[in-house]
Amino acid sequence: MDQLRRIWLARPETDEAEIDEIRGVMQSGYLTQGPKVAEFEGLVAGRVGVGRAFATTSATTALHLTLAALGIGPGDEVLVPDFTFPATANVVVQQGAVPVLVDIDLATFAINVDDLARKVTSSTRAVIPVHPFGLPADMDPIMEVAERHGLTVVEDAACALGAEYRGRPVGSIGLAGCFSFHPRKSITTGEGGMIATSDEALAERIALLRSHGGVRHGGRFTFEDAGFNYRMSDILAAVGVAQMRKLDAMLRVRRAIAALYARALEGISGVRTPTCPEGSTHTYQSYVVMLDRAINRDAVIAQLASAGIETTLGTYALHAQPFFARAYRLSPGDVPNSYRAFESSLALPLHTGITSVQVDEVVEALKAAVRS
Ligand SMILES: *Cc1c(COP(=O)(O)O)cnc(C)c1O
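Residues numbered from 1 in each chain as written. Predicted model: local features only at pLDDT ≥ 70, side-chain atom pairs only at ≥ 80, totals over all residues. Heavy atoms only, no water.

Observations regarding the layout of surface pockets
In this model, the largest pocket occupies a volume close to 590 Å³. Contributing to the lining of the largest pocket are 30 residues, with Phe-85, Cys-159, Lys-185, Gln-285 and Thr-315 lying nearest its centre. Looking at the lining of the largest pocket, the elements that each hand over two or more residues are α3 (59-70) and α4 (87-94). Broken down by element, the lining of the largest pocket gets its largest block of residues, three residues, from α3. In the lining of the largest pocket, the residues fall into 13 nonpolar, 13 polar and four charged. Empty space within the second largest pocket amounts to approximately 330 Å³. Lining the second largest pocket are Tyr-30, Thr-32, Gln-33, Ala-207, Leu-208, Arg-210, Ser-211, Gly-214, Val-215, Arg-216, Phe-221 and Arg-231. Class assignment of the residues belonging to the lining of the second largest pocket gives a composition of five nonpolar, four polar and three charged. (1 Å grid on protein atoms, 1.4 Å probe; cavity = no way out; pocket = protein on both sides within 12 Å on 5 of 7 lines; lining within 4 Å. Points joined across faces, edges and corners; volume = space filled by probe spheres on them. Helix = DSSP H or I, 4+ residues; strand = E, 2+ residues; numbered from the N terminus. Nonpolar A, V, L, I, M, F, W, Y, C, P; charged D, E, K, R; others polar.)

Put into structure tokens, the structure is as follows:
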């Protein structure tokens with residue numbers, strides 16, 4: 001299978017720059033959270049336009065730490081889109097709160113604001129809008145609903161470092177925003193995440209809980225809370241520092257490849273290409289098309305795989321996953337767009353190493369697959 005795979009879905013871009021940065025950290029003898037983490041945090045905070053940034057071990061731990069720092073817990077409800085990677089909702093469950101699953105808009109895959117407003121109750125504390133595949137969710141109406149009901153907004157910007165919404169970087173619009181540095185995201189540290197916020201009180205809670213709840217007094221600590229160890233290592237931050245220098249160049253390439261796909265796929269019946277509304281910029285973390293209902297998406301994935309082209313589903317409908325189905329008992333009819341996207345979305349290969357010839361090859365293979 002792996003030998004057959006000639007066109008990868010995703011592939012991180014790293015070179016000597018990352019290795020040089022790592023070498024510097026190894027030679028310094030300081031390997032845990034230290035000066036490289038601080039440098040990396042400064043680069044991300046500057047880019048996102050926030051006062052503070054906190055590196056973590058993943059976007060999942062970034063989201064969890066944020067909810068813990070906000071004091072979200074039993075009895076609370078948190079609104080999350082149904083169409084997302086499970087981590088968005090798992091962190092709510094881990095805090096003992098209830099994730100309330102909200103439908104999406106099919107045109108953008110982002111949370112549907114009418115369904116969001118409808119699902120607010122007296123127990124709702126927060127909303128976690130996702131910027132799906134790197135496209136900003138429509139934040140202005142989301143912020144309006146949140147303000148009307150006194151909800152905290154935590155952006156799941158896992159896929160979206162570098163994206164902007166009406167001139168504002170994502171991650172800076174809600175009270176906090178969480179980024180991922182998994183190899184399929186804008187930049188990578190192998191595994192890693194970051195919280196961005198300009199709220200000083202929240203920042204202090206995050207700093208405390210990220211490292212065991214400990215406060216340093218000279219050579220020792222007092223432990224003021226039952227915190228976590230969600231610290232990033234300086235070794236990984238070194239990779240992040242090198243990756244931040246490449247962010248804009250990598251985003252340019254991703255957007256150029258997306259434009260090639262859009263042109264080549266134009267007018268192919270049964271395949272709808274992703275949109276990017278006026279005023280937004282997209283990272284194209286994934287290039288996700290929607291297939292007509294009549295097309296068997298999984299058969300298309302299999303046919304492309306036999307041609308050596310790796311594709312996958314867009315992402316998951318949470319209500320259709322065994323855990324969420326058992327715990328919250330939603331049916332496809334409750335979140336119909338999410339279910340439809342789960343059934344018919346298809347992520348095509350997109351990474352900075354793809355050539356225009358390979359894009360054409362993917363498009364030709366997709367044309368053949370949707371016809372058969
Ligand atoms: C990738 C992803 C996550 C999880 O990120 P990790 O860094 O792997 O924990 C969370 N939410 C969304 C929307 C993602 O795409």
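Focus on the domain arrangement of the chain
Interface size is commonly expressed as the accessible area that is lost once the parts come together. Taken domain by domain, the chain consists of domain 1 (16-240) and domain 2 (247-371). Centre-to-centre, using C-alpha coordinates, domain 1 lies 25 Å away from domain 2. Contacts between the two partners involve 40 residues from domain 1 and, on the opposite side, 40 residues from domain 2. In this assembly, domain 1 and domain 2 are joined by one salt bridge. Salt-bridge contacts for Arg-47 lead to Asp-248; the nearest nitrogen and oxygen are separated by 2.9 Å. Across the contact surface, domain 1 and domain 2 share 19 residue pairs in polar contact (both at pLDDT 80 or more). Class assignment of the residues belonging to the side of domain 1 that touches domain 2 gives a composition of 24 nonpolar, seven polar and nine charged. (Domains from an automatic or database assignment. Contact = heavy atoms within 4.5 Å. Salt bridge = Lys/Arg side-chain N within 4 Å of Asp/Glu carboxyl O. Polar contact = N/O pair within 3.5 Å; in protein donor to acceptor, adjacent residues only side chain to side chain.)

Focus: the site of the ligand
In the vicinity of the ligand, 13 residues are found, and the nearest of them are Ala-59, Thr-60, Asp-156, Ser-180 and Lys-185. Between the ligand and the protein, one listed contact pairs an oxygen atom with a backbone N or O atom of Ala-59 at 2.8 Å. The fraction of the free accessible surface of the ligand (390 Å²) that becomes covered by protein chains is 88%. Spatially, the ligand is embedded in the largest pocket. A class-by-class count of the residues in the shell around the ligand yields five nonpolar, six polar and two charged. (Near = heavy atom within 4 Å. Areas by Shrake-Rupley, 256 points an atom, 1.4 Å probe, with all protein chains shown as cover. Sits in = over half its atoms within 2 Å of the grid points.)

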